[in-house]
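So you can see what is in the structure, the chains are spelled out below.
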Amino acid sequence: EAEARLHEALLKSAESATASENEKLEALSTQFEAQWNEAQASYRADMEKADNEYFSVKETLEEVEKAHMINMERMESEHRKSIEEIMAQTEELTANHNAEIIRVKE
């Protein structure tokens, strides 16, 4: 009979320990889940911030490229006008020079 009581006491002790361990495991599981959810939310926020920064830089780069193209077109147009002016002046000087040669020969 003493052995049966001892066996029953050991069972109750084991059940109590198991219940306590289950409570601890449940608490750890809840804590882990909360930390996991927090980490996921933080990751998503960081990724959204990185995406926003990327698209901001990309937009700025596109604006810079557009401004560069406009500047290049303007400079090319100005260069073309300068060449046309120089050509016109050269033709005028050549015509004047030829006219002077003809006048001197006469």
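Whenever I open this one, the overall build of the protein confuses me. Can you help?
Within the protein, the secondary structure is distributed over one helix and zero strands. Relative to the 2.2 N^0.38 estimate, which gives 13 Å for 106 residues, the radius of gyration of the protein is 45 Å and therefore markedly larger than a compact globule would have. Each principal axis of the C-alpha atoms in the protein carries an extent, and together these give about 155 × 15 × 5 Å. Here the protein, with 106 residues, has 0% of them falling under the buried criterion. Of the roughly 10100 Å² of accessible surface on the protein, a fraction of 58% belongs to carbon and sulfur atoms. Looking at the protein, you have 12 positive and 26 negative side-chain charges, and the mean spots of the two groups are 6 Å apart.

So what exactly am I meant to see when it comes to a negative patch on the surface here?
Judged by side-chain charge, E59, E62, E63 and E65 come together as a negatively charged surface patch. Tracing the backbone shows E65 in helix 1 (residues 2–105). The class for E65 is partly exposed, based on a relative accessible area of 45%.

Even after reading the chapter, I still don't get the pattern of salt bridges, so can you show me in this structure?
Side chains that differ in charge, positive against negative, can pair when their charged atoms come close. Enumeration according to the criterion identifies six salt bridges in this entry. A salt bridge links R103 to E100; the shortest N-O distance between them is 2.4 Å. A residue pair is termed a helical-turn pair when its members lie 3 or 4 positions apart in one helix, as R103 and E100 do in helix 1 at three residues.

Help me understand the packing of aromatic side chains, please; the structure alone is not making it clear to me.
The geometry of two aromatic rings is summed up by the distance between their centres and the angle between their planes. Scanning the model with the defined rule gives two aromatic pairs in all. Summarising the aromatic geometry, the rings of F32 and W36 are spaced 6.3 Å apart at their centres and angled 20° between planes, so their arrangement reads as stacked. Within this pair, F32 and its partner W36 are both found in helix 1, separated by four residues, close to a single helical turn. Relative to F55, the ring of Y54 lies with its centre 5.0 Å away and its plane at 75°, an arrangement referred to as edge-to-face.

How should the environment of L25 be read in this particular structure?
By secondary structure assignment, the location of L25 is in helix 1. A relative accessible area of 53% places L25 in the exposed class. For the pair L25 and E8, spaced 17 residues apart in the sequence, the C-alpha separation amounts to 25 Å.

What counts and what doesn't
- Within each chain, residues carry numbers counting from 1 in the order of the written sequence.
- Whole-chain, interface and lining totals are the exception, using all residues; otherwise, since this is a predicted model, local features are given only for residues with pLDDT of at least 70 and side-chain atom pairs are given and counted only at 80 or more.
- To get the side-chain values, all heavy atoms of the structure are used, and hydrogens and water are removed first.
- A run of DSSP states H or I qualifies as a helix once it reaches four residues; a run of E qualifies as a strand once it reaches two. Both are numbered from the N-terminal end.
- When we talk radius of gyration, it's over C-alpha atoms, and the globule rule is simply 2.2 Å times the number of residues to the 0.38.
- Burial here depends on accessible area, computed with a 1.4 Å probe over protein chains only, as a share of the maximum for the residue type. Under 20% is buried, over 50% is exposed, and the range in between is partly exposed.
- Only the protein chains shown count as cover for residues, and the accessible areas themselves come from Shrake-Rupley with a 1.4 Å probe.
- We treat Lys and Arg as the positive residues and Asp and Glu as the negative residues; His and chain ends play no part in the count.
- Charge coordinates come from a single atom per side chain, which is NZ of Lys, CZ of Arg, CG of Asp or CD of Glu.
- The patches described consist of residues with a relative accessible area above 30% and no salt bridge, like charges being joined within 9 Å and nonpolar side chains (Val, Leu, Ile, Met, Phe, Trp, Tyr) within 5 Å.
- Each salt bridge in this description consists of a side-chain nitrogen of Lys or Arg and a carboxyl oxygen of Asp or Glu lying within 4 Å of one another.
- In this analysis, rings of Phe, Tyr and Trp, with Trp reduced to its six-membered ring, are considered paired at centre separations within 6.5 Å, and the interplanar angle assigns stacked below 30 degrees, edge-to-face beyond 60, and tilted for intermediate values.

Function cannot be read off these values alone, since they describe shape.
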